[in-house]
Amino acid sequence: MLFSLTLFLWRLVRYFSIMFSTDRLTVPEYVSRLQRGRSSSGADPRAVSPGISADVLAVLDTTLPALRFAIRRLKLAKETSDSDDTRRAVAEIYQLVEEAWVLPTVGRQVAEEICNRIRLDGGLEQLLQLQQTPAVEITYESAKLLEQILVSENRDYVARLGLGVILNLTRQQEDAQLARSVSGILEHMFKHTEETSVHLITNGALDALLFWCRGTDPTVLRHCAVALANCAMYGGHRCQRWMIEKQAAEWLFPLAFSKEDELIRFHACLAVTVLAANREIEKEVVKSGTLELVEPFIASLDPDDFARSLLDSADCMQGRTASDLQHLLPLLDGTRLEGKCIAAFYLCVETSIKSRQRNTKIFQEIGAVQSLQRIVMYTSNGTACSLAKRALSMMGEDVPRRILSCVPNWKSCEVQTWLQQVGFSAYCDHFQELQVDGDLLLNITDQDLRTDLGMTAGLSRKRFLRDLRVLKTYANYSTCDPNNMADWLSDVDPRFRQYTYGLVQSGVDRNNVQSLTDQQLEQDCHIHNGVHRAKILAASRRPLKPCHTDAQPAGPDVFISYRRTTGSQLASLLKVHLQVRGFSVFIDVEKLEAGKFEDKLIQSVQRARNFILVLSANALDKCMGDSTMKDWVHKEIVTALAGKKNIVPVTDNFSWPDPMSLPEDMRSILNFNGIKWSHEYQEATIEKILRFLKGNQDLMDGSKGQKKASQT
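Residues numbered from 1 in each chain as written. Predicted model: local features only at pLDDT ≥ 70, side-chain atom pairs only at ≥ 80, totals over all residues. Heavy atoms only, no water.

## Structural notes on the overall build of the chain
Assigned secondary structure in the chain consists of 38 helices and five strands. Every one of the 712 residues in the chain was classed for burial, and the buried ones make up 53%. Taking the contacts inside the chain whose residues are at least 6 apart along the sequence as the reference set, 71% of them involve residues at least 24 apart. When the accessible surface of the chain is summed, it comes to about 32700 Å², and 50% of that surface belongs to carbon and sulfur atoms. (Helix = DSSP H or I, 4+ residues; strand = E, 2+ residues; numbered from the N terminus. Buried < 20%, exposed > 50% of the residue type's maximum accessible area, 1.4 Å probe, protein only. Contact = heavy atoms within 4.5 Å. Areas by Shrake-Rupley, 256 points an atom, 1.4 Å probe, with all protein chains shown as cover.)

## Regarding the pairing of strand β1 (residues 558-561)
Judged by which residues are buried, β1 turns out to be covered on both faces: Val558 and Ile560 on one side and Phe559 and Ser561 on the other are all buried. Bridge analysis of β1 against strand β2 (residues 585-586) gives two bridges, and the strand direction is parallel. Among the inter-strand pairings, Val558 is bridged to a residue of β2, identified as Val585. Handedness of the crossover joining β1 and β2 through helix α35 (residues 564-579) is recorded here as right-handed. Of the pairings in the sheet, the one linking β1 to strand β3 (residues 610-615) comprises four bridges and is parallel in character. Bridge pairing links Ile560 to Ile612 in β3. (Pairing = 2+ DSSP bridges. Right-handed = clockwise from strand over helix to strand, strands pointing away.)

## Considerations on the packing of helix α13 (residues 218-234) against helix α16 (residues 262-276)
One way to put it is that α13 packs onto α16 with a least axis distance of 8 Å and a crossing angle of 20°. Between α13 and α16, the interaxial angle falls into the category roughly parallel. Considering only the axes of α13 and α16, their crossing is left-handed. Contacts from Pro218, Leu221, Arg222, Ala225, Val226, Leu228, Ala229, Ala232 and Met233 of α13 reach α16 at Leu263, Ile264, His267, Ala268, Leu270, Ala271, Val274 and Leu275. Residues that form the contact of α13 with α16 fall into these classes: 15 nonpolar, one polar and one charged. (Axes fitted to C-alpha atoms, helices over the stretch in contact; angles between N-to-C directions. Parallel < 35°, antiparallel > 145°, perpendicular 65-115°, else oblique. Left-handed = near helix turned anticlockwise from the far one by under 90°. Nonpolar A, V, L, I, M, F, W, Y, C, P; charged D, E, K, R; others polar.)

## Observations regarding the nonpolar core
Soluble globular proteins: nonpolar side chains tend toward being buried together. In terms of nonpolar packing, the biggest core is built from 156 residues, with Ile298 and Leu574 touching the most fellow members. What Ile298 contacts, discounting residues up to four positions off in sequence, is Phe266, Cys341, Ile342, Phe345, Thr383 and Leu387. Core analysis: the second largest hydrophobic core is formed by 29 residues, Trp410, Val436, Leu453 and Val470 among them. (Core = buried A, V, L, I, M, F, W, Y, C linked by side-chain atoms within 4.5 Å.)

## Here's the deal with the packing of aromatic side chains
Aromatic rings considered in pairs are described by the distance between their centres and by the relative angle of their planes. In total, this model carries 16 aromatic pairs according to the counting rule given. With 6.3 Å between their ring centres and 25° between their planes, Tyr477 and Tyr501 make a pair best called stacked. A residue pair is termed long-range when its members are at least 10 positions apart, and Tyr477 in the loop between α30 (458-474) and α31 (485-492) and Tyr501 in helix α32 (residues 500-505) qualify at 24 residues. With a centroid separation of 6.0 Å and an interplanar angle of 45°, the aromatic rings of Phe496 and Tyr499 are classed as tilted. In this arrangement the basic side chain of Lys575 is found over the ring face of Phe253, its NZ or CZ atom lying 4.2 Å from the centre. The aromatic ring of Trp632 is capped on one face by Lys635, whose charged end is 4.9 Å from the ring centroid. (Phe/Tyr/Trp six-rings, centres within 6.5 Å; stacked < 30°, edge-to-face > 60°. Lys NZ or Arg CZ within 6 Å of the ring centre and 35° of its normal.)

## Thoughts on helix α25 (residues 382-395)
With 14 residues, α25 extends 20 Å between its outermost C-alpha atoms, agreeing within 8% with the 20 Å of an ideal straight helix rising 1.5 Å per residue. In this structure, the buried residues of α25 make contact with α18 (294-299), α19 (303-310), α22 (337-356), α23 (361-365) and α24 (368-378). In this structure Asn381 caps α25, since a side-chain oxygen of it lies 3.0 Å from the backbone nitrogen of Thr383. Looking at the residues trailing α25, positive phi occurs at Gly396, about 80°. (Expected span 1.5 Å × (residues − 1). Polar contact = N/O pair within 3.5 Å; in protein donor to acceptor, adjacent residues only side chain to side chain.)

## Let's talk about the sheet that holds strand β5 (residues 675-676)
Two pairing modes exist for strands in a sheet, parallel and antiparallel, and in both the strands are linked by backbone hydrogen bonds. Taken in spatial order, the five strands make up an open sheet running β2-β1-β3-β4-β5, and their pairing is parallel. Each of the sheet's edge strands pairs with one partner strand only, and the pair in question is β2 and β5. One ladder, built from six bridges, connects β3 with strand β4 (residues 646-651); its direction is parallel. In the sheet register, Val614 faces β4, and the bridge partner there is Val650. The strands that α35 touches are β1, β2, β3 and β4; relative to β3, the one it contacts most, it runs at about 145°. Where helix α37 (residues 632-642) meets the sheet, it contacts β1, β3 and β4, and its direction lies at approximately 145° from that of β3.

## Side note on the pattern of salt bridges
When their charged atoms lie close together, side chains carrying opposite charge are able to pair. A complete count under the given rule lists 26 salt bridges for this structure. In this structure, the salt-bridge partner of Arg88 is Asp85, at a minimum N-O distance of 3.7 Å. Here Arg88 and its partner Asp85 are both found in helix α4 (residues 83-101), three residues apart, which amounts to about one turn of the helix. Here Arg88 matches Asp85 in class, with each residue buried. A salt bridge links Glu284 to Arg241, with the shortest nitrogen-to-oxygen separation between them at 3.3 Å. With a gap of 43 residues between them, Glu284 in helix α17 (residues 282-287) and Arg241 in helix α14 (residues 236-245) connect regions that are remote in the sequence. Classification of Glu284 as partly exposed rests on a relative accessible area of 31%. Look at the salt bridges and you will find they share partners, linking Arg279, Glu282, Arg336 and Glu338 into a network. (Salt bridge = Lys/Arg side-chain N within 4 Å of Asp/Glu carboxyl O.)

## Considerations on the pairing of β4
Most of β4 sits inside the fold, with six of its six residues counted as buried. Burial of the side chains of β4 extends over both faces: Asn646, Val648 and Val650 are buried on one face and Ile647, Pro649 and Thr651 on the other. Bridging between β4 and β5 involves two bridges; their strand directions are parallel. In the strand pairing of β5, Thr651 is matched with Lys676.

## What to know about the environment of Ala91
Residue position: Ala91 is located in helix α4. The class for Ala91 is buried, based on a relative accessible area of 10%. Counting along the chain gives 50 residues from Ala91 to Glu141, while the straight-line C-alpha distance between them is 7.8 Å.

## Quick word on the environment of Glu137
Mapped onto the elements, Glu137 comes out in helix α7 (residues 136-148). Between the C-alpha atom of Glu137 and that of Arg87, which follows or precedes it by 50 residues, the distance is 8.4 Å.

## Comments concerning the confidence of the model for the chain
Per-residue confidence for the chain gives a mean pLDDT of 85, with 86% of residues at or over 70. Taken together, the stretch residues 1-8 has pLDDT below 50 and engages in five contacts with residues farther than four places along the chain or on a different chain. Considering only residues more than four positions removed or in separate chains, one finds that residues 591-595, a stretch of pLDDT under 50, has eight contacts. (pLDDT = per-residue confidence, 0-100.)

Have a look at this one:
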């Protein structure tokens, strides 16, 4: 009774403080009052979904009355056109939602019930109407609340009745404050259905996201990264193709390259990895250069630290649903290393979150455990393997041993180990009795399993042959495949690597592969899938790729030099702007301190036709006094000057230093005309840079005279 009275007085004080507050959507420091609430204040039993836990019901009993009151006040304020009261009602609802999301253990259930109740009581309809009000402050605040309540059922409602409203908001791309909420709304709506994603893209939503990717607001960039990841994961192949056509893979590069926010980088990497898993567009994704950022970034992260960072975000702290996590399985089971790394990392993070919620059984239910165990058994990449082991340990699941990859050389004891790890221990004695080794295992058939090895159950045989196909795909055939038919088959289709041993045993190599027939593939090489045979035959008829081991590869059109601490964001933007206009661009990703990498970097400067120098804040400070040329930017500038490259300085918050403070071998860089970068007018700045680059190209095409360093 005392607790109920205290809670009533606290709510009364908070109500009046909001009534007379001038702060917009002010949310105080979160308190544990909702978690402690156990009042039985006679809440309407129809207000919540059936079957929820007592803990959730206890919290809702203290929250739903205040929510109903705020929604009624919102409706009344709208009817009376009272803008101040409208803003106060929106702020009250926002606070209730925000507090619910951050509750430990029961937060997701409580928040979803509150969000659904907002829809059922007419609050969602009111919010959509407020998006069309001429009062911009109300539009901003109601959009911010709408972003927070888009759970599954509310996304359904918006998709049916309010998608036009959202699309109208996306057309206000220049409104920076509105973009913070609208990008978040798109983040949610792109995970609704394929049909919704198609409708969003055809009406300009993807264009808006890619436009916002050029900005610097971390909130907007975070929403854009997640929205693009959701579009790739939930939008289907048609939306993925549109993302490539609109050059989304290129625009993901600045997000994945940024050092300021790990969440932005992670979701940008996730988006490009999902796109690369689509074989139809894989080559275009690889060409963007964004994919090569994924594995080094994931290797640099710690899953526990990353999970702890999510606890600070109401959007992420409850983790993902089972439906969301299932979309990671194609990456785990796919052929690209980047997909295995990022999916295994994601599951490590989710396991850390789900263990706090005592819900790790979810991973067994969605089939993630088996996929992780396969990575541990077969994958040679250290990052993917260690992350998969870590995830399995955190889930409390068995961590299998690494399988020796040279399967053709296996003895019967290695076969026994493999049988035990894939769940066929019951047949170990049969395999041992018949002395099945690696060679026999790779040649085993369904009939062998049934008649010789006693595997009478048809489903057991199918499961065994499925695991055997996985083993064949990952096996190392180097001891018996001198012509590397395994890689040739992988180029045709990664799944076809399973046929390597059959082809090699039949005497197929790269010299006679072009003369193969369909009958030979089926009878001699034991490829029973007719479609697979047709693809292999079609590939064998194509001329082999010429070998250019002695030829020097063509240099890039542009080399971008930058100071990582202050210039990486601008350097990555320049790369994309130039790349989407047809220029080949080199930008070093990791700056590894290794001799071979240094040689490669210098050679790239020497071979490039143009040299863009990003002069961000303090970009040349480390060059001062660098008499031994240890600084990377110093080395790159001196190489460009010595090679008489077309040097185009691009400045951003840069103060030109005293020439005498720089080493003599690079002082002349200060004589080049610089272009001042403008984030607000990026297109105009890029057009000026293009004039510098094209002017140099015209000179190269017209004569072999000396290049001019600057033009207007």
